[in-house]
Protein chains: 2
Amino acid sequence: MPKLLFVAAEPKPERWTDAIRQACPEVEVIVWKDDGQVHDADYAIVWRPPPALFAREHKLKALFNLGAGVDGLLGLDKLPAELPIIRLEDAGMSVQMAEFVIHQVVEQTRDMAVYRAQQRQGLWRIQRPITRTEWPIGVLGMGRIGARVANALAALDYAVSAWVRTPRPGNPLPVFVGKAGLRDMLARTRIVVNTLPLTDETRDIMDYDFFSALLPGAIVINVGRGEHLVDDDLLRAIAEGKVHSATLDVFREEPLPPQHPFWQSPNITITPHVSARTLREETIAQIVTKMRALEAGEPVTGLVNPSRGY
Amino acid sequence: MPKLLFVAAEPKPERWTDAIRQACPEVEVIVWKDDGQVHDADYAIVWRPPPALFAREHKLKALFNLGAGVDGLLGLDKLPAELPIIRLEDAGMSVQMAEFVIHQVVEQTRDMAVYRAQQRQGLWRIQRPITRTEWPIGVLGMGRIGARVANALAALDYAVSAWVRTPRPGNPLPVFVGKAGLRDMLARTRIVVNTLPLTDETRDIMDYDFFSALLPGAIVINVGRGEHLVDDDLLRAIAEGKVHSATLDVFREEPLPPQHPFWQSPNITITPHVSARTLREETIAQIVTKMRALEAGEPVTGLVNPSRGY
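What counts, and at which threshold
- Residues numbered from 1 in each chain as written.
- Chains lettered and ligands numbered in written order.
- Predicted model: local features only at pLDDT ≥ 70, side-chain atom pairs only at ≥ 80, totals over all residues.
- Heavy atoms only, no water.
- Helix = DSSP H or I, 4+ residues; strand = E, 2+ residues; numbered from the N terminus.
- Rg over C-alpha atoms; globule rule 2.2 N^0.38 Å.
- Buried < 20%, exposed > 50% of the residue type's maximum accessible area, 1.4 Å probe, protein only.
- Contact = heavy atoms within 4.5 Å.
- Areas by Shrake-Rupley, 256 points an atom, 1.4 Å probe, with all protein chains shown as cover.
- Lys, Arg positive; Asp, Glu negative; His and termini not counted.
- Charge placed at Lys NZ, Arg CZ, Asp CG, Glu CD.
- Core = buried A, V, L, I, M, F, W, Y, C linked by side-chain atoms within 4.5 Å.
- Least-squares fit on C-alpha atoms with pLDDT ≥ 70 in both.
- pLDDT = per-residue confidence, 0-100.
- Arc of directions from axis to C-beta.

Scanning chain A for helices and strands turns up 10 helices and 12 strands. The C-alpha radius of gyration of chain A comes to 21 Å, within 12% of the 19 Å expected for a compact globule of 310 residues. Across its three principal axes, chain A shows a C-alpha extent of roughly 65 × 45 × 35 Å. Sorting the 310 residues of chain A into buried and exposed places 55% on the buried side. Put simply, 61% of the contacts in chain A that link residues at least 6 apart link residues at least 24 apart. Accessible surface computed for chain A: about 13600 Å², of which carbon and sulfur atoms make up 51%. Counting 35 positive and 38 negative side-chain charges, chain A places the centres of these two groups 4 Å from one another.

Time to look at the nonpolar core. Grouped together as the largest cluster of nonpolar side chains are 112 residues, with contacts concentrated most on Leu153(A), Val193(A), Leu153(B) and Val193(B). The residues touching Val193(B), leaving out its near neighbours within four places in the chain, are Val101(B), Ile137(B), Gly138(B), Val139(B), Leu140(B), Val149(B), Ile221(B) and Val223(B). Of all hydrophobic cores here, the second largest spans 30 residues; its members include Phe210(A), Ala237(A), Leu256(A) and Trp124(B).

Of the two same-sequence chains, chain A is brought onto chain B (RMSD 0.1 Å, axial shift 0.0 Å) by a rotation of 180°. On the angle and the small slide along the axis, the relation comes out as a two-fold axis. It is His103(A) whose C-alpha, among those of chain A, lies nearest the rotation axis, at 2.3 Å. Here 100% of the contact residues of chain A are again contact residues in chain B; the copies associate through an equivalent surface.

Caution applies to low-pLDDT parts of the model: their predicted coordinates are not meant to be read in detail. Considering every residue of chain A, the mean pLDDT works out to 95; 100% of them sit at 70 or more. For this predicted complex, the interface confidence comes out at an ipTM of 0.93, alongside a pTM of 0.94.

Our next topic: helix 5 (residues 112–120) of chain B. Of all the residues in helix 5 of chain B, the buried ones are Met112(B), Tyr115(B), Arg116(B), Gln118(B) and Gln119(B). For helix 5 of chain B, the buried positions fall inside an angular range of 160° around the axis, keeping them on one side. Those residues of helix 5 of chain B that are buried are in contact with helix 4 (93–109), helix 5 (112–120) and strand 12 (268–270) of chain A together with helix 4 (93–109) of chain B. Residue Gly122(B) follows helix 5 of chain B closely and has a positive phi angle near 65°.

Here you go:
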């Protein structure tokens, strides 16, 4: 019977472990405790695990990361270099991000905040007409999440371009590749949506030069990672009108510290990392399917390439 | 040379007429004035025209309505019974309605107003998880607008049902038909979106019984016509918790009168009939194409059936 460790700071881990046992009765599910006990587990489901995990468990055959981004895991001290890491693929997250981004695009381009303010004043006044053509969109990253976001926006007749590290055949959207391609895409983009994984290549990518390359009065939507964005550069780009407004769901430090200037900026919308949340049912189904495949010696998708960073 | 009258209370009618002349140099375009002059026009582009139009112009071969809904036109005194009326089909409106409805669905189901309030207080707190399965959607009407709204929501993995007068083959969504079907659909609907045309059959359709048939704590989105909804019944359904909240873009009287209780209801979101706006370029292209078809004796789509009401 394979042993599975659950290693995530969840207030009620039994919500997960009970469901895993039900979905996969053939495994022994153990909640990780920092009590020094060695379980010789075969697999671990992890979210920001303590380094002690790797000091103690030496029989691990694979890690399942409870999220799409593995930037918090790859940097960990004592993570065995050869240990396969499998990240969550979609599991209900991409559709949440797609509707979150659509909400923010409509919110910003169709004056929804103005209409709410007008209602409080009992005011009936029609704002500027909808001019979809004035809002070309650029999506950074075309993984499962980026592709779903981009396609959902394209289905609403927005002109959508995508920026990728390596071109993928079969995508109908205009795709820009590499550093030179980024500059070209930004020059025709007025709404930029970041869905990139965090790697050494993408860290700090949204800096002052990036914002300056966008069409003027741009909208920035960051649902990737806080470390993609240089905070002071965004504030400067807003002050100079290069960026009109920004919606930020992720931050360098979370929770965003109380004294951070983003909180009080009228042009910045802050959400507490909720653009896509891990859905337990979908997540467990995906992990159980992959664990059974690994036990049967079959290949699985979502295997992280540590040198690539995702 | 065919003569075309432009009969709409536009502050700058030349924005329309100049563009029509450019798109269609073979017609003589005349802006209607209430000065008694008879032009013997062949066609008229109308939005809520004065009855004097029909008293004076007797050579009209067809009317082009500057909107999808013809309820304001069919009731007009002196409208010749045999005069063909062609309504606007889509012309950029359906995609606007689709994104407007998605915005409101996300706004209501994902606590976006709570997150905005939290930001003003510098508060980082994650609200209830996203539970798409708790929000089955019912769309009333499957014309061009309803179908686009329904399909856009279904593409975001919502369970969408549709209610129609007559069943249409080829639509993949579950479809409910007629009075009995309406009750069945409402019983499985928690978000109801109205895109119906206003006819004698659909007037006052959203009444207390209608709201009571929905799943409890429902969300009502009205982008059809104000006359579809019984105002007092909505307020009662909200007070009783049958309806949690409503987004209303259309009203029995527009602008909504200042003393109307909707303005100050915290559970009602009011927008001033902006969920879809007529886009001049698309509209003119559509009308010109159809006018040329009529001149050539060819059939056109969008012909109104007065006995059906749309």
